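Here are the chains, one letter per residue:
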Amino acid sequence: MITTGIDVGCENVKVVILKDGKVVSRAAGESGGVGRAVAVDQVWKQALDNAGIAEKDVEKVVATGKGKHAVAFADDRITEPLAACTAARFLYPGATAVMDAGADETLVATIKGEKMGEFVVNEKCAAGLGAFLSYMGRRLEMTREEMSGLGRPGPESPVVNDGCVVFADMEALSLLNRGASPVEVAAAVTESAAIRASTVVNDITIPKWDKFVMVGGLANNTAFVNALKANAEIDVSVPEDPEYAGALGAALFAAAN
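Not measured: the values here are computed from a predicted model.

Student: Hey, could you run me through the pairing of strand β8 (residues 115-121) in this one?
Tutor: Two faces, one strand: in a regular strand the side chains alternate between the faces of the sheet. In this structure, strand β7 (residues 106-112) lies alongside β8, joined through five bridges in antiparallel fashion. In the sheet register, A109 faces β8, and the bridge partner there is F119. Linking β7 to β8, which pair antiparallel, is a turn of two residues; within it G113 sits at a positive phi near 65 degrees.

Rendered as structure tokens:
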């Protein structure tokens, strides 16, 4: 059986194709804003070409993500928490919770056996963490690898607002103007983003942190993951290429339903 999952995020489209439960192709590209449907079609065709599979050979397509309704040819659509839980169970059998942190949204869900338990999504001030850190990296002229390789700030290090992205941005630029180095400012904004993400973890009323999995684009940022671990006081497992987890979850859902 061949199934496809398509995760349409605010910044990127991710496609995963499964054949008999194994990943045979993946592809990703920018989501395209108002041209999202065109972007979806391009990435979808790229994934098919990578696998040497014709569109007619795919038995079911399931879409997820903020832009899931842009996938006009989808047979079904599922929520982001369900896609994240499905992927986490597949990648880490016995997983008890998952965080999906991307450009726009941060969500946490608990997992009860084969089902999703409680889930929470960020409030407004914790929205856009991934986009915020990408933006700050560009402002500070630091690569993603440099941002990911940052250490934790020390007790005397500069800090920025951890309650609002707008204020954090203003304070970061103020620190630069006062002579703080780009590395110090990058560490400060990463810490503030992790603190905001940890508030989403804390919103779960019945914690199940035995086997906590993190997926989404921000899971590629090691500095952010380390800061989250420290602030939320939990251990975190990160799979390879975590940004594809939503698409993987959708493809797995298609195969099972």
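Student: Explanation requested: the side chain of D7 in the structure shown.
Tutor: Considering the arrangement of structural elements, one finds D7 in strand β1 (residues 2-8). With relative accessibility at 10%, the residue D7 sits in the buried group. Residues contacting D7, with those up to four places away along its chain left out, are N12, V13, K14, T64, G65, E243, G246 and A247.

Student: How should the packing of aromatic side chains be read in this particular structure?
Tutor: One pair of aromatic rings is described through two measures. These are the centre distance and the angle between the planes. Within the structure shown, the criterion is met by two aromatic pairs. Relative to F73, the ring of W44 lies with its centre 5.3 Å away and its plane at 25 degrees, an arrangement referred to as stacked. Here W44, found in helix α1 (residues 36-51), pairs with F73, found in the loop between β4 (60-64) and β5 (76-77); they are 29 residues apart in sequence, far enough to count as distant. Residue F73 is classed as partly exposed on the basis of its relative accessible area of 28%.

Student: Could you clarify how one ought to interpret helix α7 (residues 222-232) in this entry?
Tutor: Each α-helix turn comprises 3.6 residues. Residues three or four places apart therefore point the same way. For α7, the full list of buried residues reads A223, F224, V225, A227, L228 and A232. For α7, the secondary structure elements touched by its buried residues are β6 (97-101), α3 (129-139), α4 (144-148), α6 (182-202) and β9 (212-215). Put simply, N221 is the residue that caps the front of α7, since its side-chain oxygen is 3.1 Å from the backbone nitrogen of A223. Once α7 ends, the next one or two residues include E233, with phi positive near 60 degrees.

Student: How should the packing of α3 against α6 be read in this particular structure?
Tutor: Axes are the key here: two packed helices are described by the angle between their axes and the distance separating the axes. Two elements in contact, α3 and α6, have axes whose closest approach is 11 Å; the angle formed by their N-to-C orientations is 180 degrees. One way to sum up the angle between α3 and α6 is to call them roughly antiparallel. Only V189, T190, S192, A193, R196 and A197 of α6 make contact with α3, whose side of the interface consists of L129, F132, L133 and M136. In terms of residue class, the contact of α3 with α6 is built from seven nonpolar, two polar and one charged.

Student: Can you walk me through unusual backbone geometry in this structure?
Tutor: Glycine aside, residues mostly have negative phi angles, and peptide bonds mostly take the trans form. Unusually for a residue other than glycine, D20 sits at a positive phi of about 55 degrees. Structurally, the position occupied by D20 is in the loop between β2 (12-19) and β3 (22-30). Classification of D20 by relative accessible area gives exposed; the value is 56%.

Definitions and limits used
Residues numbered from 1 in each chain as written. Predicted model: local features only at pLDDT ≥ 70, side-chain atom pairs only at ≥ 80, totals over all residues. Heavy atoms only, no water. Pairing = 2+ DSSP bridges. Helix = DSSP H or I, 4+ residues; strand = E, 2+ residues; numbered from the N terminus. Buried < 20%, exposed > 50% of the residue type's maximum accessible area, 1.4 Å probe, protein only. Contact = heavy atoms within 4.5 Å. Phe/Tyr/Trp six-rings, centres within 6.5 Å; stacked < 30°, edge-to-face > 60°. Polar contact = N/O pair within 3.5 Å; in protein donor to acceptor, adjacent residues only side chain to side chain. Axes fitted to C-alpha atoms, helices over the stretch in contact; angles between N-to-C directions. Parallel < 35°, antiparallel > 145°, perpendicular 65-115°, else oblique. Nonpolar A, V, L, I, M, F, W, Y, C, P; charged D, E, K, R; others polar.

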